[in-house]
Amino acid sequence: MLLLAFDTATPAVTVALHDDSGVLADSTRVDARRQGELLAPGIVDVLRAAGRTRAELTDIAVGVGPGPYTGLRVGIVTALALGDALGVPVHGVCTLDALAYAARRDGTVTGPFVAATDARRKEVYWARYDEAGARVEGPAVDRAGELAEEVRGLPAVGAGAALYASEFGDVRLPEHPDAAALAAFAVERLVGGGGLLAAEPLYLRRPDAQVPVGYKVVTPGGPGGRA
Amino acid sequence: MADEPLVLGIETSCDETGIGIVRGTTLLADAVASSVDEHARFGGVVPEVASRAHLEAMVPTVRRALADAGVTMHDIDAIAVTSGPGLAGALLVGVAAAKGYAVALDKPLYGVNHLASHVCVDQLEHGKLPEPCMALLVSGGHSSLLLVPDITADVRPLGSTIDDAAGEAFDKVARVLGLGFPGGPVIDRWAREGDRSAIVFPRGLTGPRDAPFDFSFSGLKTSVARWVEARQRAGETVPVADVAASFQEAVVDVLTRKAIRACKENGVEHLMMGGGVSANSRLRALAQERCDAAGIVLRVPRPGLCTDNGAMVAALGAEMVARDRAPSTLSIPADSSMPVTVSQALS
Ligand SMILES: Nc1ncnc2c1ncn2[C@@H]1O[C@H](COP(=O)(O)OP(=O)(O)O)[C@@H](O)[C@H]1O
Ligand SMILES: [Mg+2]
């Protein structure tokens with residue numbers, strides 16, 4: 001197995017290559033506005049650093065969010081195009097699961113905890129995990145202050161927790177998910193038979209769109225309405 | 001010819017996911033998935049709805065284009081993509097997909113200008129672009145007159161709209177008349193039943209001291225709205241066909257008059273038309289009439305290639321390859337305000 005993993009659902013544009021024994025190379029750059037510029041060069045760099053070629057890839061794993069939509073789509077559509085052209089499967093991983101996996105790998109959490117990323121508009125994307133690292137609630141999007149006390153009181157990882165440190169009592173690292181964690185999580189599931197998600201975005205919100213109210217009359221005092 | 005480059009073009013600047021495949025100047029496939037129906041009830045394109053639709057349509061539309069062209073992914077020599085101008089989030093889906101295909105196939109990437117693509121697409125129908133030529137580019141987002149010495153590297157704007165684009169005027173007047181979205185095709189149809197000299201609507205920026213190659217359609221739209229509202233207030237029925245025909249005449253009269261003058265003043269013998277509004281039947285007829293009278297050769301692609309599509313992007317990409325232009329890097333951004341003077345994003 002040679003699995004290419006990446007995620008663009010947070011400010012971290014992160015890429016890693018994993019054969020089923022471990023991570024061969026990885027690269028992470030944090031820039032919330034340049035996912036579209038950084039991802040493809042990052043993929044080329046990681047392949048080169050590992051001395052492998054795209055033709056050797058057997059699987060692609062991509063973070064499917066939740067995360068800000070514009071950046072999120074960069075990762076997913078890149079994965080779909082790569083998978084289509086190379087004829088390899090594309091697996092989806094919840095970005096919060098990758099963040100949670102990184103936290104347990106780094107030892108910043110041991111018991112139950114919550115992972116949260118910035119959803120903008122004063123909200124966070126979040127999920128809750130048990131002491132074995134299994135997701136037990138979420139992903140969801142809410143205002144940090146409106147989360148249940150027992151969620152907010154848990155150790156909390158991710159930039160969403162750091163941003164609302166006054167709501168989350170016990171904020172811990174890491175700030176962002178990384179593709180090395182995402183790759184390791186995906187390989188564990190693929191080898192262990194746990195199953196992964198479809199490569200489709202977890203938007204969690206409907207698109208903002210307002211139906212315009214009838215057309216605006218230009219003559220003052222006109223009757224309005226339509227012809 | 002089999003030795004000409006086989007180019008896949010990706011277009012996602014607005015609400016159409018367009019995938020085209022060309023070999024040199026030969027069109028092999030033009031697959032389009034449109035989200036226009038999802039936008040119609042909002043009376044205009046909703047960017048987030050368009051971006052979501054592009055993501056879903058991308059791979060299936062690429063597959064459809066390959067099947068239509070009877071080629072495989074591995075036959076592709078280069079990937080071209082609209083890198084701007086357009087809706088930022090929508091463009092980004094196409095640019096990221098193009099990079100994914102370019103990386104996977106290890107083929108060069110060309111990030112090209114949407115407006116230059118609208119001009120270049122005519123190569124697929126009428127052969128190599130005559131250069132220099134004049135281009136009248138009229139769509140939902142743009143109305144410009146361009147002098148084109150080299151479509152891949154030297155495009156010079158002579159003038160453009162100072163307010164609404166021509167297509168925008170069609171869309172807004174259609175709303176005034178309660179005809180739905182997009183307005184261009186409906187007004188074109190209604191106008192055929194109407195009298196184009198029934199009402200004299202103003203011709204913007206046609207005074208002796210006005211900028212000779214700039215356009216203005218906002219006053220025209222307001223004037224149509226006033227006229228219609230006055231009839232409604234008087235309790236009269238609005239003669240929709242006559243209003244549509246008279247409005248349309250005002251737009252195409254100004255467009256063609258200025259285009260011919262631009263050709264004459266620059267000593268250019270070929271006028272190209274492109275963009276969604278050049279699908280308009282009256283614009284095509286009047287431009288032909290006036291070009292014939294002035295001894296100018298008019299070139300307009302068939303209506304299906306005037307609106308946004310992937311074939312036009314592939315056409316410009318193929319021209320970049322044919323002229324040995326260096327490919328774009330994998331770092332090119334999606335540039336929502338890419339200037340018309342930049343035919344290709346390099347890095
Ligand atoms: N037959 C027509 N007559 C006039 N306008 C038209 C006609 N067909 C399409 N249009 C207009 O063309 C515009 C779309 O042009 P297009 O080049 O596809 O899009 P964009 O400007 O978004 O790139 C719309 O404003 C539409 O109303
Ligand atoms: Mg267009």
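Residues numbered from 1 in each chain as written. Chains lettered and ligands numbered in written order. Predicted model: local features only at pLDDT ≥ 70, side-chain atom pairs only at ≥ 80, totals over all residues. Heavy atoms only, no water.

Caption draft 1: A look at the overall build of chain B. Within chain B one finds 12 helices and 11 strands. Along the three orthogonal principal directions, the C-alpha set of chain B runs to about 65 × 45 × 30 Å. Looking at chain B as a whole, 58% of its 347 residues qualify as buried. In chain B, the 31 positive side-chain charges and the 41 negative ones have mean positions that sit 4 Å from each other. (Helix = DSSP H or I, 4+ residues; strand = E, 2+ residues; numbered from the N terminus. Buried < 20%, exposed > 50% of the residue type's maximum accessible area, 1.4 Å probe, protein only. Lys, Arg positive; Asp, Glu negative; His and termini not counted. Charge placed at Lys NZ, Arg CZ, Asp CG, Glu CD.)

Caption draft 2: How the structure looks around the coordination of the magnesium ion (ligand 2). All names here are of chain B. In the first shell of the magnesium ion (ligand 2), the protein supplies His114 (NE2), His118 (NE2) and Asp308 (OD), at 2.1 to 2.3 Å from the metal. On the primary sequence, the residues serving as donors to the magnesium ion (ligand 2) are separated as H-x3-H-x189-D. With a gap of 190 residues between them, histidine 118 in helix 4 (residues 114-120) and aspartate 308 in the loop between helix 11 (303-306) and helix 12 (310-322) connect regions that are remote in the sequence. Judged by relative accessible area, aspartate 308 falls into the buried class, the value being 18%. (Donors = N, O, S within 2.8 Å, 3.2 Å for Na, K, Ca; no water.)

Caption draft 3: Representation of the interface of chain A and chain B within the structure. With 43 residues of chain A in contact, the opposing surface of chain B contributes 42 residues. Summed over the shared surface of chain A and chain B, the result is 3 salt bridges. As a salt-bridge pair, arginine 54 of chain A and aspartate 106 of chain B come within 3.7 Å of each other at their nearest N and O atoms. One can count 6 residue pairs in polar contact (both at pLDDT 80 or more) joining chain A with chain B. The set of elements that each furnish at least two residues to the side of chain A that touches chain B consists of helix 1 (35-50) and helix 2 (69-86) of chain A. For the side of chain A that touches chain B, the leading source of residues is helix 2 of chain A, giving 13 residues. Counted by class, the side of chain A that touches chain B contains 25 nonpolar, 9 polar and 9 charged residues. (Contact = heavy atoms within 4.5 Å. Salt bridge = Lys/Arg side-chain N within 4 Å of Asp/Glu carboxyl O. Polar contact = N/O pair within 3.5 Å; in protein donor to acceptor, adjacent residues only side chain to side chain. Nonpolar A, V, L, I, M, F, W, Y, C, P; charged D, E, K, R; others polar.)

Caption draft 4: Looking closely at the pattern of salt bridges. Evaluated as defined, the whole model comprises 35 salt bridges over all chains. Arginine 52 of chain A is paired through a salt bridge with glutamate 56 of chain A; the nearest N and O atoms lie 2.9 Å apart. Across the salt bridge formed by arginine 323 of chain B and glutamate 319 of chain B, the nearest N and O atoms sit 2.8 Å from each other. Relative accessible area serves as the criterion here: at 26%, arginine 323 of chain B is assigned to the partly exposed category. When salt bridges with common partners are traced through the structure, they connect Lys128, Glu131, Asp150, Glu319, Arg323 and Arg325 of chain B into a single cluster.

Caption draft 5: Layout of the site of ligand 1. Residues and elements named next belong to chain B. Taken together, 20 residues lie near ligand 1, and Gly140, Asp171, Asp188, Asn280 and Asp308 sit nearest. In the model, an oxygen atom of ligand 1 is placed 3.4 Å from a nitrogen or oxygen of the histidine 118 side chain. At 2.8 Å, a side-chain N or O of aspartate 171 approaches an oxygen atom of ligand 1. Elements with a minimum of two residues in the shell around ligand 1: helix 4, helix 6 (166-176) and helix 7 (183-191). The greatest single-element share of the shell around ligand 1, amounting to 4 residues, is contributed by helix 7. (Near = heavy atom within 4 Å.)

Caption draft 6: Up close: the domain arrangement of chain A. All names here are of chain A. The domains assigned to chain A are domain 1 (3-94 + 177-192) and domain 2 (96-172). Here the C-alpha centroids of domain 1 and domain 2 sit 23 Å apart. Of the roughly 1300 Å² buried between domain 1 and domain 2 on both sides combined, carbon and sulfur atoms contribute 66%. Contact with domain 2 buries area across many residues of domain 1, yet Pro66, Pro68 and Cys94 alone supply 41% of it, more than any other trio. Between domain 1 and domain 2 we count 1 salt bridge in total. Between aspartate 178 and arginine 105 there is a salt bridge, with its nearest N and O atoms 2.8 Å apart. At the junction of domain 1 with domain 2, the criterion picks out 5 residue pairs in polar contact (both at pLDDT 80 or more). Among the elements that take part in the side of domain 1 that touches domain 2, helix 6 (residues 179-192) stands out by supplying 6 residues, more than any other. Classifying every residue of the side of domain 1 that touches domain 2 gives 12 nonpolar, 3 polar and 2 charged. (Domains from an automatic or database assignment. Buried area = accessible area lost by both parts, 1.4 Å probe.)

Caption draft 7: Representation of the nonpolar core within the structure. By size, the foremost hydrophobic cluster in this structure holds 67 residues, and its most contacted members are Phe6 and Ile43 of chain A together with Ile10, Ile21 and Ile79 of chain B. In terms of residue count, the dominant contributor to this core is helix 3 (residues 88-105) of chain B (11 residues). Of all hydrophobic cores here, the second largest spans 53 residues; its members include Val138, Phe201, Leu283 and Leu298 of chain B. (Core = buried A, V, L, I, M, F, W, Y, C linked by side-chain atoms within 4.5 Å.)

Caption draft 8: Looking closely at the packing of helix 1 of chain A against helix 2 of chain A. All names here are of chain A. For the pair helix 1 and helix 2, interaxial distance at closest approach is 9 Å and the crossing angle is 35°. You can see that helix 1 and helix 2 cross each other, and the crossing is right-handed. Only Gly71, Val74, Gly75, Thr78 and Leu82 of helix 2 make contact with helix 1, whose side of the interface consists of Gln35, Gly36, Leu39 and Ile43. The residue makeup of the contact of helix 1 with helix 2, split by class, is 4 nonpolar, 5 polar and no charged. (Axes fitted to C-alpha atoms, helices over the stretch in contact; angles between N-to-C directions. Left-handed = near helix turned anticlockwise from the far one by under 90°.)

Caption draft 9: Main features of unusual backbone geometry. Cis geometry is adopted by the peptide bond preceding proline 174 of chain A, which originates at leucine 173 of chain A and carries an omega value of 0°. Along the chain, proline 174 of chain A turns up in the loop between strand 10 (170-172) and helix 6. Looking along the chain, the bond that leaves glycine 84 of chain B and enters proline 85 of chain B is cis, with omega of -10°. By secondary structure assignment, the location of proline 85 of chain B is in the loop between strand 4 (78-84) and helix 3. Backbone geometry at aspartate 106 of chain B places phi at a positive 55°, although glycine is not the residue there.

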